[in-house]
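What follows is the residue order along each chain.
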Amino acid sequence: MNDFDMMQMTDSRYERIISLGRHCQTAYQIRRFTGDETAFYFDWVGTPHRGLIQVLGKEFKGSFQRENLLLTEDDTNVVDQSNGLRYRHSFSKIPGQKRIDPNSIAQEFDEEQRKYDFLICRWRSTINTQSVIFVRQDTPSVDEAIELYNVLARQTGSNRIGLLFVIPPKHELFVEHPSIYVERGGMLPSSQADWKGIDWVWEEILSKYWRGERPIRAVQKPSTVREPLPMPPQ
């Protein structure tokens, strides 16, 4: 075992787990695993890497402004044109359809803005008072992984943080950094039916990094599952 491996083993458990996207699956599995329904800003927001870096780098200034929100051509998403973040779940849909009601943006914006302002305050308070492991379901480049960690570290100051990337089984990522972790098993959803991911895979991953007690209803790995897990269709 080398010095880098020893550093990662010294203290890899954290008081709080916070999702950074890139998909809703991350927040869903964190809540399912911890039993904690506390919401954070990026839980149900689509977060491309550059947009996430921009929002964090500006400490949320200028994000979620009415003049920057645009309904996509298929009416299934609302995009912040200033950074590329997607607010798919923030506005009401047309009854019985997956399409967002175009009128809901104007009608519901003020309430949603108050919600996100509150979540920004919660974000700042939490990351400065607790040790946090940020979890992102994505396979970045090494430079992108370090870039994201550094942006987070500038916000948290001396408070201890970690950054975990959950990547598909056949993807490769190695970042030589004592507080950046990589776990395989993050299946990307291939359809609406499987957006939640595989419970036992997330159970095994998150249990390595959380200081809280293991949930009573822990989902164990089925003995019949063959590894590695299959890749979703492209």
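Please read these numbers as outputs of a predicted model, since none were measured by experiment.

(A) Representation of the overall build of the chain within the structure. Helix and strand content of the chain: six helices and six strands. Ordering the α and β elements of the chain from the N terminus gives α-β-α-α-β-β-α-β-α-β-β-α. Looking at the chain residue by residue over its 234 residues, the buried ones come to 46%. Contacts in the chain between residues far apart in sequence, at least 24 positions, make up 64% of those at least 6 positions apart. Summed over all atoms, the accessible surface of the chain reaches about 12400 Å², with 48% contributed by carbon and sulfur.

(B) Fine view of the environment of lysine 98. In this structure, lysine 98 sits in the loop between β3 (78–80) and α4 (102–127). When the C-alpha atoms of lysine 98 and asparagine 77 are compared, they prove to be 9.6 Å apart, with 21 residues separating the residues in sequence.

(C) Region of interest: the packing of aromatic side chains. Evaluated as defined, the whole model comprises 16 aromatic pairs. Ring centres of tyrosine 14 and tyrosine 181 lie 6.4 Å apart, and the angle between their planes is 75 degrees; on these two criteria the pair is classed as edge-to-face. Taken together, the positions of tyrosine 14 in the loop between α1 (3–10) and β1 (16–19) and tyrosine 181 in strand β6 (residues 180–184) put the pair 167 residues apart, joining distant regions of the chain. Residue class for tyrosine 14 comes out buried when judged on its relative accessible area of 1%. With centroids separated by 5.6 Å and ring planes inclined at 65 degrees, the aromatic side chains of phenylalanine 33 and tryptophan 210 adopt a geometry described as edge-to-face. Of this pair, phenylalanine 33 sits in helix α2 (residues 24–34) while tryptophan 210 sits in the segment after α6 (199–206), and the two are 177 residues apart along the sequence. Residues phenylalanine 33 and tryptophan 210 agree in their burial class; the two are buried. Over the ring of tyrosine 14 we find arginine 160, and its NZ or CZ is 4.0 Å from the ring centre.

(D) Representation of the environment of leucine 206 within the structure. The residue leucine 206 is located in helix α6 in this model. Considering only alpha carbons, one finds leucine 206 and glutamine 29, 177 residues apart in sequence, at a separation of 8.9 Å.

The rules we used
- Residues numbered from 1 in each chain as written.
- Predicted model: local features only at pLDDT ≥ 70, side-chain atom pairs only at ≥ 80, totals over all residues.
- Heavy atoms only, no water.
- Helix = DSSP H or I, 4+ residues; strand = E, 2+ residues; numbered from the N terminus.
- Buried < 20%, exposed > 50% of the residue type's maximum accessible area, 1.4 Å probe, protein only.
- Contact = heavy atoms within 4.5 Å.
- Areas by Shrake-Rupley, 256 points an atom, 1.4 Å probe, with all protein chains shown as cover.
- Phe/Tyr/Trp six-rings, centres within 6.5 Å; stacked < 30°, edge-to-face > 60°.
- Lys NZ or Arg CZ within 6 Å of the ring centre and 35° of its normal.

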